[in-house]
Amino acid sequence: MKTFRIGGVHPAENKLSAAEPIIKAELPKVAVYPMGQHIGAPAKPIVQKGDKVKVGTMIAEAGGFVSAPIFSGVSGTVLKVDTVIDASGYAKPAVYITVEGDEWEEGIDRSEKLVTLKEKPELTPEVIVDKIKAAGIVGMGGACFPTHVKLCPPPGNTPQWVIINAVECEPYLTADHRLMLEKADQVLVGVDLLMKAGKVSKGFIGIEENKPDAIKLLSEKCAANYPNIEVVPLKTKYPQGGEKQLIDAVVRRQVPAPPALPVSVGAIVQNVGTAYAVYEAVMKNKPLFERVVTVTGKSLKYPRNFLARMGTPMSQLIDACGGLPEDTGKVIGGGPMMGKALVNIEVPICKGSSGVLIMNEKEARRGEEKTCIRCAKCVGACPMGLEPYLLATASAKQMWDKCLAEGIPSCIECGSCQFTCPSNRPLLDYIRVGKTTVIGIIHARKIAEGTKKNI
Amino acid sequence: MNKLIVSLSPHVHSGDSIAKNMYWVIIALVPALLCSFISFGVGAIITTAISVAACVFFEWAINKFCLKNPVNTVCDGSAILTGILLAFNMPSNIQPWIIIIGAFFAIAVVKMTFGGLGCNLFNPALAGRAFLLISFPVQMTTWPLPGQGFGAYLDAETGATPLAIMKQAFKDGDMSVLNQLPSFQDMLLGNTGGCLGEVCGLALLLGLVILLVKKVITWHIPVSILLTVVVFSGLLNLANPVYANPLAELLSGGLLLGAIFMATDYVTSPMSAKGQLVYGVAIGALTVIIRTYGAYPEGMSFAILIMNAFVPLINAKFKPTRFGEVPAKK
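Residues numbered from 1 in each chain as written. Chains lettered and ligands numbered in written order. Predicted model: local features only at pLDDT ≥ 70, side-chain atom pairs only at ≥ 80, totals over all residues.

## Considering the overall build of chain B
Check the secondary structure of chain B and you find 14 helices and 0 strands. Starting at the N terminus and walking to the C terminus, you meet the elements of chain B as α-α-α-α-α-α-α-α-α-α-α-α-α-α. In terms of overall dimensions, chain B is globule-like: its C-alpha atoms have a radius of gyration of 21 Å, near the 20 Å expected for 330 residues. For chain B, the spread of C-alpha atoms along the three principal axes comes to 80 × 60 × 30 Å. Taking all 330 residues of chain B together, 53% fall into the buried category. Long-range pairs, those at least 24 residues apart, make up 74% of the contacts in chain B between residues at least 6 apart in sequence. (Helix = DSSP H or I, 4+ residues; strand = E, 2+ residues; numbered from the N terminus. Rg over C-alpha atoms; globule rule 2.2 N^0.38 Å. Buried ≥ 20, exposed ≤ 12 C-beta atoms within 10 Å, placed from the backbone. Contact = placed C-beta atoms within 7 Å.)

Laid out in structure tokens, this is it:
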């Protein structure tokens, strides 16, 4: 069975909510929309206090090419345009909307009827990309890179395949798994649309073998209706859901070091949740304002999967799972390997919120840091073939040139090194500092060179 | 509500720890210790016990009185491991005071002066053995014969080891000397003379299986050492049968003990898989060269110590294959 070829670790899967069907979350009283929900320029609010909005009304426009508009997931009145602390822990500009009823924009097709690409021959690649862009769709796996940008590769790159990331390698999370089981037909139409938009004739869906039901269901449906889409079962290993790792696992090609893009080896990678959102946007005219969120944790009474409107505070979803347990130590937005620890549980659900994970006090604490015994386990675990022990030390000693020479910009921050370290060393903490600094230095040097030329 | 803990990802840990690794190595050494007890009697146990006690005491005392460390590192099991390995590299009939000197050199000089666990350049147990071999050559090379009952200790009868026989054959150019070698079965089961931990090949291989299954070590170092020795000594044997056959080389002396337990010491071995292979091949080659052409019949410990010194260079030269460097494959 296929998997990526360098490094990797095997965290305990803990997919507690895998058997829980997706249920609709209740509407919040006040919905909050941070403007920076994606990679790139933040969106610009286009509503003011007192404005009436409906479900699906655009409340903020894209702030540039690499950006995405934001749509309201509720109907009601704009309460204020202020700031909110989002999952990153920083205060970001945000639109607050008081919820009144549940009135949808006209034009959104709310029927359950499946629309396939064959029924709509008028959809050209350009039309599909425009609809994706207009619907504010970004990568739903957590990285939130605007989807239309990926579908418009820079000149000189010809995509050959669309690879759908249905790996869900993060422990605990089951949102993608449930989506595949419950919305398989819609997801496949979405993949078909992405293939057409990317002008490629071959699609792959990478699924880890710990989801045999999803592999079976999608394989059967592909065999029946979509001969160009192939389901690729993958050996369970973290971080298979990393874009570069997935390409290596599925088509055996490795994307070179940054700034090379995945499309340079011919692959466009999209999350399975994104494929579903693309289906809804293109076929049902429904912009991105709700998503599947897994709310889970060992101490939680009822771990569940929700279809939640964006802007819903996480505390509301936690309450719907039996409330925040007494011994809670940490609440994580996302999965345990790459998710962000939240400063409070009022953080709203955003485009990239794949999960909310509750950890008890004991699980939440890091182990005592010990000296490095040079066991080389981090080197063996690194999926990018780097030497985390060396990068962490070089970064701690602020040896930025050494960091660069050792390839620190290639780090994907998957956390495999720190996960595996028997001495509990905060390797990734140091590497992040080094990576940010080094990338900053590279940018500054480029700007300086540009200035020199101009003089 | 209580305040939430905020830290950067990853939020989960494998649960691995230094102590876990050390204790698994110790468990992997138990079969060899039991075999040694069967071969050499109670002397094997006494020697090991003294060595462990001395190593642990020196580590504790240095932490407590010299370094005044608030956290004593003695609980991580590394001193116990050094103690066992040091004992495994000595004959079972050695006097206790020599063991204690060896333990002092290993822990105090080689390990703690460099900064303790993780900082030492050389394998402490091997450096201790080398120090004793040079300081007390007679006591360190008077090996008891196996099968003298469980009571055998200081008064055990002594005799030549397989390696000494091989060396003799080569020196005299007399192949008939090789006929005195014990059978392979005896060498596998530990029924020969030698250091107390090195004689039972089967028990050491069982230890290797434990270490590999528990993912304490990877295959690179032991396999590359053993393969190199077999190939190198096999070629010598083909060229001139006065060199012992490769299987005898493999099972004699400290080769298995060294390849499985000493060369794989985390602190003093290279970090990348490529580096580990280079290190293993070099150790294997050096061992055969020292065994055949050197002054000592045994070359394993010196080969490892020499290569320990090269580890920083190997680490600088042999980097892991980066992502993007593995070629595309159909």
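Resuming the write-up.
## Quick notes on the pairing of strand S14 (residues 304–309) of chain A
Residue and element names in this part refer to chain A. Across the 6 residues that make up S14, a large majority, 5, are buried. As judged from the 3 bridges shared by strand S1 (residues 22–24) and S14, these two strands associate in the parallel manner. Considered in S14, the bridge of Ile 22 is made with Asn 305. (Pairing = 2+ DSSP bridges.)

## Some thoughts on the nonpolar core
Soluble globular proteins: nonpolar side chains tend toward being buried together. A:Ile132, A:Ile163, A:Val191, A:Val278, A:Leu317 and B:Cys55 are the most contacted members of the largest nonpolar core, which has 243 residues in total. The greatest single-element share of this core, amounting to 9 residues, is contributed by helix H7 (residues 272–284) of chain A. Two domains each donate at least three residues to this core, and these are domain 1 (1–26 + 107–365) and domain 2 (377–454) of chain A. Setting aside residues up to four positions removed in sequence, B:Cys55 forms contacts with B:Ala79, B:Thr82, B:Gly83, B:Leu86, B:Ala103, B:Ala106 and B:Ile107. (Core = buried A, V, L, I, M, F, W, Y, C linked by C-beta atoms within 7 Å. Domains from an automatic or database assignment.)

## A word on the domain arrangement of chain A
Residues and elements named next belong to chain A. On domain assignment, one finds that chain A holds domain 1 (1–26 + 107–365) and domain 2 (377–454). For domain 1 and domain 2, the distance between their C-alpha centroids amounts to 28 Å. Each partner contributes to the interface: domain 1 provides 15 residues, whereas domain 2 provides 15 residues. Looking at side-chain class alone, the side of domain 1 that touches domain 2 contains 10 nonpolar, 4 polar and 1 charged residues. (Nonpolar A, V, L, I, M, F, W, Y, C, P; charged D, E, K, R; others polar.)

## Observations concerning the sheet that holds strand S8 (residues 91–99) of chain A
All names here are of chain A. Strand order in the open sheet formed by 4 strands is S2-S8-S7-S4, with antiparallel pairing between adjacent strands. Pairing within the sheet leaves two strands with one partner each, and these edge strands are strand S2 (30–34) and strand S4 (52–53). Bridge analysis of strand S7 (residues 76–85) against S8 gives 9 bridges, and the strand direction is antiparallel. Residue pairing for S8: Thr 77 is matched across the bridge by Thr 98.

## Some points on the interface of chain A and chain B
Each side of the interface is counted separately: chain A has 56 residues, and chain B has 31 residues. Looking at the side of chain A that touches chain B, the elements with two or more residues in it are strand S15 (328–333), strand S16 (340–341), helix H10 (377–381), helix H13 (416–420) and helix H14 (427–454) of chain A. Residue contributions to the side of chain A that touches chain B peak at 4 residues, all from S15(A).

## A closer look at the packing of helix H4 (residues 96–111) of chain B against helix H5 (residues 124–135) of chain B
Residues and elements named next belong to chain B. Relative orientation of the contacting elements H4 and H5 amounts to 130°, with a least axis distance of 8 Å. Taken together, the axes of H4 and H5 lie oblique to each other. When the axes of H4 and H5 are compared, the crossing they make is right-handed. From H4, Ile 98, Gly 102, Ala 103, Phe 105, Ala 106, Ile 107, Val 110 and Lys 111 reach across to H5, where they touch Pro 124, Ala 125, Ala 127, Gly 128, Arg 129, Phe 131 and Leu 132. Its residues placed into classes, the contact of H4 with H5 shows 11 nonpolar, 2 polar and 2 charged. (Axes fitted to C-alpha atoms, helices over the stretch in contact; angles between N-to-C directions. Parallel < 35°, antiparallel > 145°, perpendicular 65-115°, else oblique. Left-handed = near helix turned anticlockwise from the far one by under 90°.)

## Focus on the pairing of strand S9 (residues 161–165) of chain A
Residues and elements named next belong to chain A. Within S9, 5 of the 5 residues are buried, leaving the element largely enclosed by the surrounding structure. Burial along S9 is two-sided: the face carrying Trp 161, Ile 163 and Asn 165 and the face carrying Val 162 and Ile 164 are both buried. Strand direction decides the pairing type here: S9 and strand S10 (residues 202–208), joined by 5 bridges, are parallel. Bridge pairing in S10 places Ile 164 opposite Ile 205. Two elements, S9 and strand S12 (residues 267–271), share 5 bridges in a ladder whose sense is parallel. When the sheet's bridge partners are listed, Ile 164 is paired in S12 with Gln 270.

## Side note on unusual backbone geometry
Residues and elements named next belong to chain A. Cis geometry marks the peptide bond from Tyr 238 to Pro 239, where omega comes out at -5°. Mapped onto the elements of the fold, Pro 239 is located in the loop between strand S11 (229–234) and helix H6 (243–251). The amide bond that connects Pro 258 to the next residue, Pro 259, takes the cis arrangement and shows omega of 10°. Among the structural elements, Pro 259 can be located in the loop between H6 and S12. A positive phi angle, close to 45°, is found at Glu 168, a residue other than glycine. Within the fold, Glu 168 resides in the loop between S9 and helix H3 (175–182). Non-glycine residue Glu 413 carries a positive phi angle of around 55°. Within the fold, Glu 413 resides in the loop between helix H12 (400–405) and H13.

## Some words on the environment of A:Glu20
Residues and elements named next belong to chain A. Mapped onto the secondary structure, Glu 20 falls in the segment before S1. Taking the C-alpha atoms as reference points, Glu 20 and Tyr 33, 13 residues apart in sequence, are found 28 Å from one another. In contact with Glu 20, other than residues within four places in its own chain, are Pro 303, Arg 304 and Asn 305.

## So, H7(A)
Residues and elements named next belong to chain A. Helix length check: H7, at 13 residues, gives a terminal C-alpha distance of 17 Å against a target of 18 Å (1.5 Å per residue), a fit within 8%. Burial of H7 is extensive: 12 of the 13 residues sit out of reach of the surface. Among the residues of H7, those classed as buried are Val 272, Gly 273, Thr 274, Ala 275, Tyr 276, Ala 277, Val 278, Tyr 279, Glu 280, Ala 281, Val 282 and Met 283. Just past H7, the residue Asn 285 takes up positive phi, approximately 60°. (Expected span 1.5 Å × (residues − 1).)

## Examining the packing of helix H1 (residues 18–40) of chain B against helix H2 (residues 42–66) of chain B
Residue and element names in this part refer to chain B. Packing of H1 against H2 leaves a shortest axis separation of 6 Å and a crossing angle of 130°. Classified by the angle their axes make, H1 and H2 are oblique. Every residue of H2 that contacts H1 at Leu 33, Ser 36, Phe 37 and Phe 40 is listed here: Gly 43, Ala 44, Ile 45 and Thr 48. By residue class, the composition of the contact of H1 with H2 is 5 nonpolar, 3 polar and no charged.

## Considering the environment of A:Val343
Structurally, A:Val343 can be placed in the loop between S16 and strand S17 (355–360). Taking the C-beta count within 10 Å as the criterion, A:Val343 has 17 such neighbours and is therefore assigned partly exposed. Excluding residues within four positions of it along the chain, A:Val343 makes contact with A:Ile85, A:Gly89, B:Leu4 and B:Val6.

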